[in-house]
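Observations on the three-dimensional arrangement
Okay, here's what each chain looks like letter by letter:
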Amino acid sequence: MTDTVITFLQTLSDLTGVSGNETAIRSAIKPLVQDHVDALRVDALGNLITLKRGTGENPLRVLVTAHMDEVGLMVVGHTGDGGLRAEPIGSLDARLLPGLHVWVGKDKLPGVIGVQAIHRAHGDTSVTPVDKLVIDIGASSKDEAQSAVPLGTPVAFATRFREMGAAVSGKAFDDRAGCAVLIALLQGERLPCDVYGVFTVQEEVGLRGAQVAAFAVEPDVGFALEGTIADDLPKEEKDVSPTTELGKGPAITVKDRSYTTPPRLLSHVLKAADAEGIPYQLKQPGISGTEAASITRARGGVPAITIAVPCRYIHGPRALLRPEDVENTLRLVRAAIARLTPETLAFT
Ligand SMILES: [Zn+2]
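All figures in this text were calculated on a predicted structure; none of them were measured in a lab.

About the thresholds
Residues numbered from 1 in each chain as written. Predicted model: local features only at pLDDT ≥ 70, side-chain atom pairs only at ≥ 80, totals over all residues. Domains from an automatic or database assignment. Contact = placed C-beta atoms within 7 Å. Nonpolar A, V, L, I, M, F, W, Y, C, P; charged D, E, K, R; others polar. Helix = DSSP H or I, 4+ residues; strand = E, 2+ residues; numbered from the N terminus. Expected span 1.5 Å × (residues − 1). Buried ≥ 20, exposed ≤ 12 C-beta atoms within 10 Å, placed from the backbone. Pairing = 2+ DSSP bridges. Axes fitted to C-alpha atoms, helices over the stretch in contact; angles between N-to-C directions. Arc of directions from axis to C-beta. Parallel < 35°, antiparallel > 145°, perpendicular 65-115°, else oblique. Left-handed = near helix turned anticlockwise from the far one by under 90°. Core = buried A, V, L, I, M, F, W, Y, C linked by C-beta atoms within 7 Å.

Assigned domains within the protein chain: domain 1 (2–70 + 171–345) and domain 2 (72–157). At the interface, twelve residues of domain 1 touch 14 residues of domain 2. Looking at the side of domain 1 that touches domain 2 residue by residue, the class counts come to four nonpolar, five polar and three charged.

Bringing helix α4 (residues 173–187) into the picture now. With 15 residues, α4 should cover 21 Å at 1.5 Å per step; its first-to-last C-alpha distance of 20 Å lies within 8% of that length. Counting buried positions over the 15 residues of α4 gives 14, a clear majority of the element.

What follows is about the sheet that holds strand β13 (residues 221–229). Taken in spatial order, the eight strands line up as β1-β2-β12-β3-β13-β16-β14-β15 in an open sheet, and their pairing is mixed. Bordering the open sheet on either side are β1 (39–42) and β15 (281–283), each of which pairs with just one other strand. The average angle at which neighbouring strand axes cross in this sheet is 25°, direction not considered. Bridging between strand β14 (residues 251–253) and strand β16 (residues 304–311) involves two bridges; their strand directions are antiparallel. Bridging from a neighbouring strand, A251 pairs with A308 of β16.

Turning our attention to helix α2 (residues 23–33). For α2, the full list of buried residues reads I25, I29 and V33. When α2 is viewed along its axis, its buried side chains cluster within an angular range of 50° and face the same direction. Counted as exposed and oriented over 90 degrees from the buried face of α2: S27 and P31.

Before going further, it helps to examine the packing of helix α6 (residues 263–276) against helix α8 (residues 323–338). Closest axis-to-axis distance for the α6/α8 pair is 9 Å, and the angle between their directions is 115°. With respect to α8, the axis of α6 lies roughly perpendicular. Crossing of α6 over α8 shows right-handed handedness. On the side of α6, the interface is formed by H268, V269, A272, A273 and E276, while α8 contributes R331, L332, A335 and A336.

Counting residues in each nonpolar core, the largest one holds 78 residues, and the members touching the most others are V64, A180, V181, L182, V326 and V333. With ten residues, the top contributor of residues to this core is α4. Contacts of L182, omitting those with residues within four sequence positions, involve V64, A66, G197, F199 and L225. Judged by nonpolar contacts, the second largest core, of 23 residues, contains A86, A139, A145 and V155.

Glancing now at unusual backbone geometry. Peptide bonds are mostly trans, and most non-glycine residues show a negative phi. Geometrically, the link from D174 to D175 is a cis peptide bond, its omega value of 20° lying close to zero. As for its placement among the helices and strands, D175 is situated in helix α4. Even without glycine at this site, A172 takes up a positive phi of about 60°. Note on A172: 33 C-beta atoms within 10 Å, which makes it buried. Phi at R299 takes a positive value of approximately 45°, unusual for a residue other than glycine. Within the secondary structure, R299 is located in the loop between α7 (292–296) and β16. Owing to 11 C-beta atoms within 10 Å, R299 belongs among the exposed residues under this scheme.

Under the C-beta neighbour-count criterion, D175 is labelled buried, with 32 such atoms within 10 Å. Distance in space between the C-alpha atoms of D175 and C311 is 9.8 Å, their sequence separation being 136 residues. If we ignore the near neighbours within four places in the chain, the residues touching D175 are A66, H67, E203, E226 and G227.

Okay, the packing of α2 against α4 next. The description of two packed helices rests on the angle between their axes and on the distance between the axes. Where α2 contacts α4, the axes come no closer than 9 Å and their chain directions differ by 20°. Relative to α4, the element α2 lies roughly parallel. Two packed elements cross with a definite hand, and for α2 against α4 that hand is right-handed. Residue-level contacts link I29, L32 and V33 of α2 to C179, I183, L186 and Q187 of α4. In terms of residue class, the contact of α2 with α4 is built from six nonpolar, one polar and no charged.

Looking now at the pairing of strand β6 (residues 101–104). Bridge count for β6 against strand β7 (residues 109–113) is four bridges, and the pairing is antiparallel. By the bridge assignment, V102 is partnered in β7 with G111. The hairpin turn running from β6 into β7, its antiparallel successor, is four residues long, and G105 in that turn takes a positive phi close to 75°. Relative to strand β9 (residues 154–157), β6 runs antiparallel, the two sharing three bridges. Directly across from V104, in β9, lies its bridge partner V155.

Below you can see the structure in the form of structure tokens.
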């Protein structure tokens, strides 16, 4: 099972899908799920909405989301000598950018984020803001750069997936890890209730795809699958527990900056994990936001929870995760959905 899920992750990680330009990701996911679902459509924003009918034992409508988009850059100008100016799409750490290889546009034109040679830095160790960086595509003139790369072209990290000891490394694990889990969930056996598996767009710029998908699907309950922050870095001083840690199982959100998980749903998921012997960890509360925030506010309100694969170095060019955490996330989501009943969601 791990091989399959990790194969999906590898395929999706090597493709580019900066927020608002998710076509390549959607095109890769569609053939992987279409023979395993009962309905499939693409909505006006680009969300890929699938329905896998349940066995009929349970009337609940369950929404499961994973976002296809990744953080990156967008070209917003051309310098006189053929360089590209860019601005961030989603939250990026400017310290990580100088010197990186990037893929420009849908045809993956190669580029380098330019940086002054150390010989000319004169001891300057300051961080160059993103809007002062120049992406070098090797163009010899402004005209050449403008015709090759129009304004608005997306730019992604040029990172190839690779195995690294007990871990794997690649870009966009936030949230291609969630997408890989959702593909495997849809390829698996039918669950007692209908599952709407939605691969969403534009999460990194405002949870937009999930907002409209949750409205359209009208779910009874929602699960947001994520790749989340693992900051269990070696030798780092910690005065609080890490957000999450690699190898400790899926991270379950109690509360983040965007929403609070309903206690009855949280306790249901923890009981499912305990019953199946699936390791899990609670994510340090108060950090970041997820699509559960959009789902929870849909229509008259929908109870929602986030279950995430811990990933080191997310939103950077090379993230790192443990395959067993991906497999255990899949096991937990299946177990939690399989055990849902209308009573699970009712207030007592
Ligand atoms: Zn994410």
